[in-house]
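# Fold and geometry: a report
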Amino acid sequence: MALYQGEDFCGRLLDSEGEFQSCHKTVDPQDFYDDLCYGNQTTLCQILSSYVAVCQETGAVVDEWRASDFCNLTCPPNSEYQLCSSHISDCVENPSPLAETCKEGCFCRPGFFHSGGKCVPDSECGCIYNGIYHEIHENFLPDERCQLHCVCVGHNKVQCANSTCPNGTKCGIQEGYRACHASQPVKCTVMGGRHFRNYDGQNFDFNMGNCSYVLSQVCDEEGSEPVVALQKGELHLRVHGVNLSLEMEHLGKVKIDGALRSLPVQLDHVKILHSGLLTRVVVDTGVVVVMEIHLEI
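Since this is a predicted model, take the numbers as computed values, not measurements. (Residues numbered from 1 in each chain as written. Predicted model: local features only at pLDDT ≥ 70, side-chain atom pairs only at ≥ 80, totals over all residues. Heavy atoms only, no water.)

Of the regular secondary structure elements, the protein holds 2 helices and 24 strands. Expressed as a percentage of the 297 residues in the protein, the buried residues total 32%. Within the protein, contacts between residues separated by at least 24 positions form 36% of all contacts whose residues are at least 6 apart in sequence. On the protein, roughly 18,600 Å² of surface is accessible, and the fraction owed to carbon and sulfur atoms is 49%. (Helix = DSSP H or I, 4+ residues; strand = E, 2+ residues; numbered from the N terminus. Buried < 20%, exposed > 50% of the residue type's maximum accessible area, 1.4 Å probe, protein only. Contact = heavy atoms within 4.5 Å. Areas by Shrake-Rupley, 256 points an atom, 1.4 Å probe, with all protein chains shown as cover.)

This part covers the state of the cysteines. Scanning the model with the defined rule gives 10 disulfides in all. Two residues, Cys 23 and Cys 55, share a disulfide whose sulfurs are 2.0 Å apart. Because the sign of the S-S torsion sets the handedness, a value of about -100 degrees for the bond joining Cys 23 and Cys 55 places this disulfide among the left-handed ones. Placement of Cys 23 in the segment before helix H1 (30-36) and of Cys 55 in helix H2 (residues 41-57) is noted, with a sequence separation of 32 residues between them. Here the two residues Cys 23 and Cys 55 agree in accessibility, since each one is buried. (Disulfide = S-S within 2.5 Å.)

Another aspect to go through is H2. Compared with the 24 Å implied by 1.5 Å per residue over 17 residues, the 24 Å span of H2 between its first and last C-alpha is a close match. Taken together, the buried positions of H2 are Leu 44, Cys 45, Ile 47, Leu 48, Tyr 51, Val 52, Cys 55 and Gln 56. At the C-terminal side of H2, Gly 59 shows a positive phi close to 90 degrees. (Expected span 1.5 Å × (residues − 1).)

Across a sheet, paired strands are connected by hydrogen bonds in the backbone, their directions being either parallel or antiparallel. Pairing in this open sheet of 3 strands is antiparallel, and the strands run S7-S8-S9 from one edge to the other. Single-partner strands in this sheet number two, and they are strand S7 (139-140) and strand S9 (157-162). Pairing of S7 with strand S8 (residues 148-154) involves 2 bridges; the strand directions are antiparallel. If you follow Asn 139 over to S8, its bridge partner there is Val 151. (Pairing = 2+ DSSP bridges.)

This part is about the packing of aromatic side chains. One pass over the full model with this rule turns up 4 aromatic pairs. Ring centres 6.0 Å apart and planes at 80 degrees place the aromatic pair Phe 20 and Tyr 51 in the edge-to-face group. Of the two residues, Phe 20 sits in the segment before H1 while Tyr 51 sits in helix H2, which places them 31 residues apart along the sequence. Comparing Phe 20 with Tyr 51 shows no difference in burial state: the two are buried. Ring centres 5.3 Å apart and planes at 10 degrees place the aromatic pair Phe 196 and Phe 204 in the stacked group. One aromatic cluster is present, formed by Phe 20, Tyr 51 and Trp 65 through successive ring pairs. (Phe/Tyr/Trp six-rings, centres within 6.5 Å; stacked < 30°, edge-to-face > 60°.)

What follows is the structure, given as structure tokens:
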């Protein structure tokens, strides 16, 4: 604790000749300093970053304060760190951009544009359909009745075809995703690897051992998907011909046909999302599979 109370750490904020001194008269550093010294270096950097953001919003100037050995900010591919920049290169052009104060952060390098949280070349920008931006290869249902299925196949190139919701489903928006969702959602649950609750709400215990068991599948149509299976705490799904695996040892990642990828991931008809210890697989038919990891201390 004492380490971060020195002048080389949280003491930097109050230094009258330091990197933040030009903002002291505009934003009182004491309001941030009270919480600054009580935590680790990650917390320290987050609070200093918040102070810089408030300063820049008011138009105050802050000197370079990050270094390779102090609060270094690593930027995603095709982007670079800027202390103060108002240049935001998006795939979607703003016809009447507003004058903005500069901000600290990661910005796309020249020749790259923001798309879905990534910096991509112009050729990989997505499509604008009915005023809404969609990433390249993204599937979407633009009408309120889900009667049209569209795909962004290239930069501003959209292909659409007529579509209908399967029996037992209804067009709607759930978790921000328009799809044909089950009219009356049902749920089955597995807890601790051996406590089960089926779709009828009945509870039972079962020791799975080392075998693999199918948890859920459509029974009235041969070969229909999705199929959800469980083996040794690993969750395996087959959705639209794609094999997905969620494993406890790879938290925040998913295996797609055997290849490990970091989350979130957007596939045709499927989204795999991650938040904390929770991973969700959202299928465009309305099926949602959730895996939550419980850590034992």
